[in-house]
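Chain by chain, the residues run as shown.
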Amino acid sequence: YPTGATVTALNIQLAVTMGCNPIYLIGVDGIYILPKKFVSDAAHGKLCVEEGEDWHFHKDYLKPGDTYAVPNVEYEKIDYLNCRKNAESRGIRIFNASRNSAIDIFERVDLDKIL
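Along each chain, residue indices are assigned from 1 in the same order as the chain's sequence is written. In keeping with the model being predicted, local features are shown solely for residues with a pLDDT of at least 70 and side-chain atom pairs are shown and tallied solely at 80 or more, while totals for entire chains, interfaces and linings include all residues. Water and hydrogen atoms were dropped before computing side-chain values, which therefore reflect all heavy atoms in the structure.

On to the sheet that holds strand S2 (residues 38–41), then. Should DSSP find at least two bridges between two strands, the strands are taken to pair. Each helix is a run of H or I in the DSSP string that is no shorter than four residues. Each strand is a run of E no shorter than two, and both are numbered from the N terminus. Across the sheet, three strands lie side by side as S2-S3-S4; this open sheet has antiparallel pairing. Every interior strand has two partners, whereas the edge strands, S2 and strand S4 (67–69), have only one. For this sheet, the mean angle separating the axes of adjacent strands, direction not counted, is 45°. For helices, the axis comes from a line fit to the C-alpha atoms of the stretch in contact; other axes are also lines fit to C-alpha atoms, and the angle between any two N-to-C directions lies between 0 and 180 degrees.

Note on definitions: the grid is 1 Å and covers protein atoms alone; a cavity is a set of points where a 1.4 Å probe fits but cannot get out; a pocket is an open set with protein on both sides within 12 Å along at least five of seven lines; lining residues have an atom within 4 Å of a point. Grid points are joined across faces, edges and corners, and a volume is the space filled by probe spheres set on the points. Following the criterion strictly, the structure yields one cavity of 30 Å³ or more and no others. Here the largest cavity defines a volume of roughly 60 Å³. Polar here means any residue outside two lists: the nonpolar Ala, Val, Leu, Ile, Met, Phe, Trp, Tyr, Cys and Pro, and the charged Asp, Glu, Lys and Arg; Gly therefore counts as polar. Tallied by class, residues from the lining of the largest cavity come to three nonpolar, two polar and four charged.

It is worth spelling out the nonpolar core at this point. Counting residues in hydrophobic clusters, the biggest one holds 15 residues, and the most contacted among them are Ile12, Ile23, Leu25, Tyr80, Ile94 and Phe106. Where this core is concerned, the elements lending two or more residues are helix H1 (7–17), strand S1 (23–25) and helix H2 (73–89). Take this core: its biggest share by element is four residues, from H1. Excluding residues that lie within four positions of it along the chain, isoleucine 23 makes contacts with Ile12, Ala15, Val16, Ile92, Arg93, Ile94 and Phe95. Take the buried Ala, Val, Leu, Ile, Met, Phe, Trp, Tyr and Cys residues and link them wherever side-chain atoms come within 4.5 Å; each set so joined is a nonpolar core. Only protein chains enter the area calculation, which uses a 1.4 Å probe; residues under 20% of their type maximum are buried, those over 50% are exposed, and those in between are partly exposed. Any pair of residues with heavy atoms lying within 4.5 Å of one another is described as a contacting pair.

All right, on to the pattern of salt bridges then. Any carboxyl oxygen of Asp or Glu within 4 Å of a side-chain nitrogen of Lys or Arg constitutes a salt bridge here. Under the definition given, this model contains three salt bridges. One salt bridge in this structure joins glutamate 107 and arginine 93, with 2.8 Å as the shortest N-O distance. Taken together, the residues span a long stretch of sequence, with glutamate 107 in strand S6 (residues 107–108) and arginine 93 in the loop between H2 and strand S5 (94–96) at a distance of 14 residues. For glutamate 107, a relative accessible area of 44% translates into the label partly exposed. Among the residues examined, arginine 93 registers a relative accessible area of 45% and is labelled partly exposed.

Running from amino to carboxyl end, H1 crosses H2 at an angle of 10°, the nearest separation of the two axes being 9 Å. Comparing the axis directions of H1 and H2 gives the class roughly parallel. Here Thr8, Ala9, Ile12, Gln13 and Val16 of H1 lie close against H2, whose contacting residues are Asp79, Tyr80, Cys83, Asn86 and Ala87. Across the contact of H1 with H2, the residue classes break down as six nonpolar, three polar and one charged. The scheme is simple: roughly parallel for angles under 35 degrees, roughly antiparallel for over 145, roughly perpendicular for 65 to 115, oblique for anything else.

For any pair of aromatic rings, geometry is given as the distance between the ring centres together with the angle between the planes. In this analysis, rings of Phe, Tyr and Trp, with Trp reduced to its six-membered ring, are considered paired at centre separations within 6.5 Å, and the interplanar angle assigns stacked below 30 degrees, edge-to-face beyond 60, and tilted for intermediate values. Counted under the stated rule, the structure contains two aromatic pairs. Judged by centre distance (5.4 Å) and plane angle (20°), the ring pair of tyrosine 24 and phenylalanine 95 falls under stacked. With a gap of 71 residues between them, tyrosine 24 in strand S1 and phenylalanine 95 in strand S5 connect regions that are remote in the sequence. Looking at phenylalanine 95, the relative accessible area reads 9%, which means it is buried. We note lysine 46 situated over the ring of phenylalanine 38; from NZ or CZ to the ring centre the distance is 4.2 Å. Whether a charge lies above a ring is judged from NZ of Lys or CZ of Arg, which has to be within 6 Å of the ring centre and within 35 degrees of the ring normal.

Just geometry here; none of it tells us what the structure is for.
Rendered as structure tokens:
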């Protein structure tokens, strides 16, 4: 199935292919704070320009002035639904063990209980 909106979907596909079961997602928040500044790029279209927002998993992941693709939450949702469907067809269960997450495609579990 096609993917591309989020690297997490690619990693889920790899885990499914490797036969991992169950699969636990950790740190998959799906929460974005978009900047106020954007630029256009002929090859990539509209890009966000980092302005020092503090929303990523690591404070130094993006530096002011870095550009990145505008997150497409709807495409991410399609990716996750396709991942879930593919995994379920193989008898593989995927759980979201992230403490803070907007991703509601996968059953939620308490990270502390699985560790």
